[in-house]
Amino acid sequence: FYVWAKLPPKFSALTSLEFATLLVQEAGVVAAPGSGFGDYGEGYIRFALVEPESRLSEAVRRIGRVLQMPD
């Protein structure tokens, strides 16, 4: 139902909230910052897999574009 993912090394200078905000702004994908779940959640982001498979696939493509952004 949920996927917890560690922030990619390329984005390790960002907080989980900053990375979640980046995903919304650049990819139109909403995820929960790990910091919202306590101190041990920092450095992670949580995705809820509650959408149809086609929408999840599109979200993965969009996130992939963010991960490919130049430094």
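Provided above is the structure to which this section pertains.
This write-up is about the structure you can find in this document. Keep in mind that what you see is a predicted model, and the values were worked out from it rather than measured.

Rules behind the numbers
- The written sequence of each chain sets the order in which its residues are numbered from 1.
- With pLDDT at 70 or above as the cut-off, local features in this predicted model cover only qualifying residues; side-chain atom pairs require 80 or more to be listed or tallied, and sums for whole chains, interfaces and linings still use all residues.
- Where side-chain values are given, they derive from all heavy atoms of the structure, hydrogens and water being excluded.
- Take the buried Ala, Val, Leu, Ile, Met, Phe, Trp, Tyr and Cys residues and link them wherever side-chain atoms come within 4.5 Å; each set so joined is a nonpolar core.
- Each residue is placed in one exposure class: buried if its accessible area under a 1.4 Å probe, protein chains only, is under 20% of its type's maximum, exposed if it is over 50%, and partly exposed if it falls in between.
- Under the scheme used here, helices are H or I runs from DSSP no shorter than 4 residues and strands are E runs no shorter than 2 residues, and both carry numbers assigned from the N terminus.
- In this description, contact between two residues means that some pair of their heavy atoms is separated by no more than 4.5 Å.
- Each pair of aromatic rings taken from Phe, Tyr and Trp, with Trp reduced to its six-membered ring, is defined by centres within 6.5 Å and is described as stacked if the planes are under 30 degrees apart, edge-to-face if over 60, and tilted in the remaining cases.

Observations concerning the nonpolar core
Stage number 1. Ranked by internal contacts, the top residues of the largest apolar core, which has 14 residues, are Phe19, Leu23, Val29, Ile45, Phe47 and Val66.
Stage number 2. Where this core is concerned, the elements lending two or more residues are α1 (16–27), β3 (44–48) and α2 (53–67).
Stage number 3. Among the elements that line this core, the one with the most residues is α1, at 5 residues.
Stage number 4. Among all residues touching Leu23, those that are not within four sequence positions of it are Gly28, Val29, Ala31, Ile45, Phe47, Ile63 and Val66.

Focus on the packing of aromatic side chains
Stage number 1. This model, assessed by the stated rule, comprises 3 aromatic pairs.
Stage number 2. Relative to Tyr2, the ring of Phe1 has its centre 4.7 Å away and its plane inclined at 90°; by these criteria the two rings are edge-to-face.
Stage number 3. Accessibility expressed as a relative area gives 40% for Tyr2, which makes it partly exposed.
Stage number 4. A centroid spacing of 5.2 Å and a plane angle of 55° characterise the contact between Phe11 and Phe19, whose relative ring orientation is tilted.
Stage number 5. Overall, the relative accessible area of 9% leaves Phe11 in the buried class.

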